Amino acid sequence: MGKVLNYYAGGNTARGFYSLYESNLEGLSRLFILKGGPGTGKSSLMKKLGKEWNERGYDIEYLHCSSDNDSIDGLIIRSLGVGIVDGTAPHVIEPKLPGAVEEYVNLGVAWDSAKLQAKKAEIEKISTEMSAAFTGAYTLFGEALRVHDEWEKIYIENMDFDKANALTEELLGKLFEDKKLNKKADVRHRYLGAATPKGAVDFVPNLTSGLAVRYLIKGRPGSGKSTMLKKIASEAERRGFDTEVYHCGFDPHSLDMIVVRELGFAIFDSTAPHEYFPERVNDRVIDMYGTIIAPGTDEKYEAEIKDVSKRYREYMNHAISSLAQAKNLHDELESIYIEAMDYQKIDEITAELNDEIKRLAEK
C-alpha cells in the first residue's frame, strides 16, 4: 500500500468559496477534468481509482470536498504526474494546454436527458435555493470574521512585538540551523481543514504522520501565530526546501500550518477548532500567550472576551447550519440525477481512465 495524503484545496470561507486548486495541480503531465451534474458519480469514480492505485503501492492525494463530508473533489497520483478533478462549479478549472495536458471527461453522456428535462422546474428551484444557502453561509462567515477581528484587536494591543520577533528568530534558527538546498523550492498551498456541513473538520494527524517533530502553537486570536508561520514558510522557500503551506479554512489570508518534509517537521496552530495536545515523544509546545502577551490580559478584558467569543460562535454556528441546508438541497438534486443515470456507462468511463493511467505508469 502507498501512502494517502488528505487535504482540502477549496474552502467555504469568510471570503466566499476560495480555491487553492491551481497550486496543487501545477506540474501534472495529465489532468482529467470531470464534468457532469450532482449524482453523476464523479467522487465514486475518483475513490475507486484512488483505491486501486494506492493498493498497487502508489502514494495518492485526496482533495476532499468542503461541502460534502463523504465526497472528494480530486485525486492526484503525483509520481505518475496524473490527476483527476471535479471541474464543476464552484471549482471550475480552465485548461491551459487542452488535449496536451488537460482533458475534459463528460459524465453527462450517461444520463437520460428526457428524464432531467421533465424535472427541469424542480431542478431549477432546488439549485436556486442551494445557491442562496451558500450565499447565506458566506455572509455569516464574513460577519464572524469581523467579530474575530475585534477579538484579535484585544490581544494585538497587549502584545510585545519585540518579544514576538525574538521568538520567531529563535524558532527559525532551531528549525533550519545552517541547512539549505541548492534547488528551487516546490511550494504547495492547501487547507489542513475546512468548515463543512458537519462543522470544522481537519486532517492534522494524517498530514503530520511520520514527521520527526511537531510544533504545536498555543495562543489567543491575534497573538501572531499566522505571522510566525508566514515567516517560516518564506524562510523554507528561500533555503530551497519543498514546503506545504496550509491556509486557514475560515480566513484563507491566514496560515494554520507549515510542513517541511525534507527537514521532518510540521508547525501548526493548535487552537480551536483544530486543537491538539502533545501525544508524541517529539511534540513541542510553543506558548505565544505566555511569552509575548502582557500578563493578566485575559483577566483584564474578561467581559469583552466573553462577549466577542459568544457572538463569534453564534455566527459560526449559523453559518454551519446554512452549509448543512445547502448539503440537504444538494442531496435532493443528486437523487433526481441518480434516477436518470446509466452507471454502466460510468463504469466504462472509469475503466478507460484506468487504462490511460496504466499507460502512463508503463512509460
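The coordinates are above.
So, here is what we can say about the structure in this document. Note that the structure is predicted; figures quoted are calculated from it, not measured.

## Remarks on the nonpolar core
Ranked by size, the top nonpolar core spans 60 residues in total, and within it Phe-141, Ile-232, Phe-250, Ile-258 and Ile-267 carry the most contacts. Those elements that provide at least two residues to this core are α4 (120-156), α5 (161-176), β12 (213-218), α7 (225-238), β14 (255-260), β15 (265-269), α8 (288-292) and α10 (302-339). At 15 residues, α4 tops the list of elements feeding residues into this core. Non-local contacts of Phe-250, meaning those with residues more than four positions away in its chain, are made with Thr-13, Ala-14, Phe-141, Ala-144, Leu-145, His-148, Tyr-312 and Met-316. Tyr-21, Leu-25, Leu-31 and Leu-211 belong to the second largest nonpolar core, which has 28 residues in total.

## As for the pairing of strand β6 (residues 72-77)
Counting buried positions along β6 yields 6 of 6 residues, so the element is predominantly enclosed. Relative to strand β7 (residues 82-86), β6 is paired through 4 bridges, and the arrangement is antiparallel. Paired with Ile-77 across the bridge in β7 is Val-82. Hairpin connection from β6 to β7: 4 residues lie between these consecutive antiparallel strands, with Gly-81 at a positive phi of about 70°.

## A short note on unusual backbone geometry
Residue Ala-89 is joined to Pro-90 through a cis peptide bond whose omega torsion reads 10°. The phi dihedral of Glu-177 falls on the positive side, at around 50°, and the residue is not glycine. The class for Glu-177 is partly exposed, based on a relative accessible area of 48%.

## A closer look at the environment of Leu-323
Mapped onto the secondary structure, Leu-323 falls in helix α10. According to the relative accessible area criterion, Leu-323 is buried, its value standing at 1%. For Leu-323 and Ile-258, which are 65 residues apart along the polypeptide, the C-alpha to C-alpha distance reads 28 Å. With near-sequence residues (within four places) excluded, Leu-323 lies in contact with Asn-12, Phe-134, Ala-137, Phe-141, Ala-195, Thr-196 and Pro-197.

## Some words on the environment of Gly-136
With respect to the helices and strands, Gly-136 occurs in helix α4. Assessed through its relative accessible area of 25%, Gly-136 is described here as partly exposed. On a C-alpha basis, the gap between Gly-136 and Arg-239 in space is 43 Å, while along the polypeptide they are 103 residues apart.

## Let's talk about the packing of α5 against α7
Close contact between α5 and α7 brings their axes to 10 Å; oriented N to C, the two are set at 35°. The two elements α5 and α7 meet at a crossing, and its hand is right-handed. Contacts from Asn-165, Leu-167, Thr-168, Leu-171, Leu-172, Leu-175 and Phe-176 in α5 reach Met-228, Lys-231, Ile-232, Glu-235 and Ala-236 in α7. Across the contact of α5 with α7, the residue classes tally to 8 nonpolar, 2 polar and 2 charged.

What counts, and at which threshold
- Residues numbered from 1 in each chain as written.
- Predicted model: local features only at pLDDT ≥ 70, side-chain atom pairs only at ≥ 80, totals over all residues.
- Heavy atoms only, no water.
- Core = buried A, V, L, I, M, F, W, Y, C linked by side-chain atoms within 4.5 Å.
- Buried < 20%, exposed > 50% of the residue type's maximum accessible area, 1.4 Å probe, protein only.
- Helix = DSSP H or I, 4+ residues; strand = E, 2+ residues; numbered from the N terminus.
- Contact = heavy atoms within 4.5 Å.
- Pairing = 2+ DSSP bridges.
- Axes fitted to C-alpha atoms, helices over the stretch in contact; angles between N-to-C directions.
- Left-handed = near helix turned anticlockwise from the far one by under 90°.
- Nonpolar A, V, L, I, M, F, W, Y, C, P; charged D, E, K, R; others polar.

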